[in-house]
Amino acid sequence: MTSAILLQTLASGVLIGLIYALVAVGLTLIFGVMDIVNFAHGEFLMLGMYGAFWMYALFALDPLWTLPITTLGLFVFGAALYRGVIQRIIGAPMLSQVFTTFGLMILLRGVAQFLWKPDFRMIDHSSVSGHVLLGGVQLGLPQVVAGAGAVLTTAAVWLFLTRTQAGAALEATAADREAAQLMGIDSQRMFTLAWGLGAACAGVAGALLATFFPIFPEVGANFVLIAFVVVNLGGFGSVAGAFWAGILVGVVEVMGGLLLGPQFKTALVLALFLAVLVWRPQGLLGKA
Amino acid sequence: MRRTLLRGAAALMLSAGLGAAAQAQTAEVKIGVIYPLTGAAASTGAELRQALELAADIVNNGAKGLDMPFAAGGGIPGLKGAKIKLVFADHQGNPQVGATEAERLITQDKVVALVGAYNSNVTATASQVAERYQIPFLNPESSSASLTARGFKWFFRTTPHDDLFVHNAFEFMKELQAKKGIKIAALASFNENTLWGNETTKLQAKLAPEFGYTLAKQLTYPAKSTQLTSEVQTLKAAAPTVVLQSSYLGDAILAMKSYKELGFSPDMILANNAGFTDSEFIRTLGRDAEYVITREVWALDLATRNALIRDVNTLFRSRAKVDFTGNSSRTFTGLMVLADALDRAKSTEPEAIRRALVATNIGAEKLIMPWKGVQFDASGQNTLGRGILVQIVDGKYHTVWPFNMAAQDVVWPMPAWDKRKQLP
């Protein structure tokens, strides 16, 4: 095992980890603000990928150029979903909430399969393709661009939450809904914003992923389980936690697979997850 | 009640003794079909559904000019022209769902036989239910060898199984070495980790030393992976001449992408059907699918020598908008074999159908498969099936083995990724 292979694998792990992180950021945002676990989050990602795909297939527009449209589209979709569906179950028992988002997951998958067939699709000529060589490490350009995009998006979300008034209002609602409301913050607007932002993050991740990953109605399932682990690992509701945990999961998965054998890669991630649950139940960066 | 019993007994005796059914007129005969219509294998499931519907349509309504059994239409002659009615069930690629759906089809829909289920692990559970209820289960396309090693009485499989296919792959390598004067140094087996992949891995590990090859690396991976980086790196480090790979569609695509990304190019990728022969494989990967060799049971270029294959494929194409694949042609053949048994059974009693299946003897000329025919042994396995190998060149599958059926020569070695023709 040469150091070149180790380095190469480490880099691949970080890059896929950044995508995990971005998917998880959207999930953790929604959970953090309103304590609802969104099981349909993987399907937001799927919609983002299809959005990018169709603009590519129908109008020959590159996924990276249409990224703002995809993002905006998912934002509107997430916000509308909140207004139309989620708003009605805010006070409902946890089980109803679980079933609602779970049902949404099945519905969205079904609709995608109905409208776009269960076929696998691929964007074969995106503006980014080929490889870059970084100190002997060969990296796929689409992956590098996707990783960079994930970092920028996560940073933007983080800045929004910590540096703007709307972000502060969102954080305040997350911390204490009623107190925030007494301070004149409209919690319904904040919830709508959280769903919009959460879905938009999945949209960005989807558009970035679409440059190198096959697109099909079930694609969300591949990512969402890992996203849940990442959210737990980083601490429910913590954007920075999700970011670092995403990278950690990516690296553990890939490096563990290389060093111990690929059959252990998922087991390792879940073992790490269990260890953190025992040692630090609130997650790496979560508040106790 | 007693009268019905008597009548039933009489029917049984008659059908057993004289081979003539004394059953009331059967207007339609219900066959339960269990396939992955949603879930990860849904695109394959949709294709198989088209193949089944075509087969049923030929039996029920005929197909002009087609030179094969039942092409005259008008249902199944032996059952007084009863029409085939397919009752579809979706197993979602899930063995538990497969078992439940099989039970539902048998108890609620009262189907006379079951056909399914593509995924070997679902076929395993669904056929177990059929065995318990003593209903014939015909499996056209699951290739896990263990399925016919269970001593089942009601299970019949038309396709050759993995033992044979994997054996074919090794025979091919031996013959290729002799033909081209090359040396295959080391092999790696790279398989997904459900029942099918694991069975294949075991078999490859057994056959490699028998054929005098070193199995340099043996890897299994979870089919629903988001990345295969560590797997491909491990393969790359082992530097095998040939990668023997078993993958479903999603992971086959992901693996090819990862090979390219990490610059891994062995001299040959010898794949084991499934994902590599799905019609989406080439469409999705485009030029990156080139030079892969995969085992098949069917190839479009067989039609150049066989009019029946050409004609049935034309019918399929006009319906499904794609050509037959190894999967859909086998599923089609499976239902035709069942129809043949129903015709000879002259009854819809499960036992009569089972006995007719046991006595099946269909010649090669009546099949759209490159087989020697269909005959079942005591385990329910068709002993006359055989596989072929195809290579993807210029976006199409070409038969390359057996060498006497080959449409073109094997491209060896597979060119490295950076040495390939670039698209304009």
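**Some details on the overall build of chain B**
Then, in step 1: A count of helices and strands for chain B gives 12 helices and 14 strands.
Then, in step 2: For 424 residues, the compact-globule estimate of 2.2 N^0.38 gives 22 Å, and chain B sits close to it at 22 Å.
Then, in step 3: On the principal axes, the C-alpha backbone points of chain B span a range of 75 × 40 × 35 Å.
Then, in step 4: For chain B, the residues scored as buried account for 56% of the 424 residues in total.

**Side note on the interface of chain A and chain B**
Then, in step 1: Every contact between the two is made by 30 residues of chain A and, on the other side, 32 residues of chain B.
Then, in step 2: Going through the elements one at a time, helix 1 (3–34), strand 2 (137–140), helix 9 (219–234), helix 10 (239–260) and helix 11 (265–279) of chain A are the ones with two or more residues in the side of chain A that touches chain B.
Then, in step 3: The biggest single contributor to the side of chain A that touches chain B is helix 1 of chain A, with 6 residues.
Then, in step 4: Residues belonging to the side of chain A that touches chain B are distributed by class as follows: 14 nonpolar, 11 polar and 5 charged.

**Quick look at the packing of helix 2 (residues 42–61) of chain B against helix 10 (residues 307–320) of chain B**
Residues and elements named next belong to chain B.
Then, in step 1: Here helix 2 crosses helix 10 at 125 degrees, and the two axes come no closer than 10 Å. Comparing the axis directions of helix 2 and helix 10 gives the class oblique. Note on packing geometry: the crossing formed by helix 2 with helix 10 is right-handed. Where helix 2 abuts helix 10, its residues E47, Q50, A51 and L54 lie against L315, F316, R319 and A320.
Then, in step 2: Here the contact of helix 2 with helix 10 is built from residues that sort into 5 nonpolar, 1 polar and 2 charged.

**Things to note about helix 9 of chain A**
Then, in step 1: When the terminal C-alpha atoms of helix 9 of chain A are compared, their 23 Å separation across 16 residues agrees well with the 22 Å that a helix rising 1.5 Å per residue should span.
Then, in step 2: Directly after helix 9 of chain A, the chain includes G235(A), whose backbone phi takes a positive value near 105 degrees.

**Brief notes about the domain arrangement of chain B**
All names here are of chain B.
Then, in step 1: Assigned domains within chain B: domain 1 (2–160 + 304–374) and domain 2 (163–296 + 394–419).
Then, in step 2: Measuring from the centre of the C-alpha atoms in domain 1 to the corresponding centre in domain 2 gives 31 Å.
Then, in step 3: With 18 residues of domain 1 at the interface, the matching set in domain 2 holds 17 residues.
Then, in step 4: Elements supplying a minimum of two residues to the side of domain 1 that touches domain 2: helix 2, helix 4 (120–133) and helix 11 (326–345).
Then, in step 5: Among the residues forming the side of domain 1 that touches domain 2, the class breakdown is 7 nonpolar, 10 polar and 1 charged.

**Digging into helix 11 of chain B**
Residue and element names in this part refer to chain B.
Then, in step 1: Helix length check: helix 11, at 20 residues, gives a terminal C-alpha distance of 28 Å against a target of 28 Å (1.5 Å per residue), a fit within 8%.
Then, in step 2: Most of helix 11 sits out of view: 18 of its 20 residues are buried.
Then, in step 3: Just downstream of helix 11 lies K346, where phi reads positive at about 55 degrees.

**With respect to the sheet that holds strand 7 (residues 214–221) of chain B**
Residues and elements named next belong to chain B.
Then, in step 1: Here 7 strands make up an open sheet; going across it, the order is 7-6-8-9-10-13-14 and the pairing mixed. Two strands close off the open sheet at either side, each with one partner strand: strand 7 and strand 14 (396–401). Recorded for the sheet is a direction-independent mean angle of 25 degrees between the axes of neighbouring strands.
Then, in step 2: Alignment of strand 10 (residues 293–296) against strand 13 (residues 388–393), held across 4 bridges, turns out to be antiparallel.

**Here we look at the sheet that holds strand 4 (residues 137–139) of chain B**
All names here are of chain B.
Then, in step 1: Spatially, 5 strands are ordered 2-1-3-4-5 in an open sheet, and the strand pairing comes out parallel. In this open sheet, the two edge strands, each paired with only one partner strand, are strand 2 (83–90) and strand 5 (155–157). Sheet twist, expressed as the mean angle between neighbouring strand axes with direction ignored, is 25 degrees.
Then, in step 2: Bridging between strand 3 (residues 113–116) and strand 4 involves 2 bridges; their strand directions are parallel. In the strand pairing of strand 4, L114 is matched with F137.
Then, in step 3: The strands touched by helix 2 within the sheet are strand 1 (28–35) and strand 2, with strand 2 carrying the most contacts at an inclination of about 165 degrees.

Rules used in this analysis
Residues numbered from 1 in each chain as written. Chains lettered and ligands numbered in written order. Predicted model: local features only at pLDDT ≥ 70, side-chain atom pairs only at ≥ 80, totals over all residues. Helix = DSSP H or I, 4+ residues; strand = E, 2+ residues; numbered from the N terminus. Rg over C-alpha atoms; globule rule 2.2 N^0.38 Å. Buried ≥ 20, exposed ≤ 12 C-beta atoms within 10 Å, placed from the backbone. Contact = placed C-beta atoms within 7 Å. Nonpolar A, V, L, I, M, F, W, Y, C, P; charged D, E, K, R; others polar. Axes fitted to C-alpha atoms, helices over the stretch in contact; angles between N-to-C directions. Parallel < 35°, antiparallel > 145°, perpendicular 65-115°, else oblique. Left-handed = near helix turned anticlockwise from the far one by under 90°. Expected span 1.5 Å × (residues − 1). Domains from an automatic or database assignment. Pairing = 2+ DSSP bridges.

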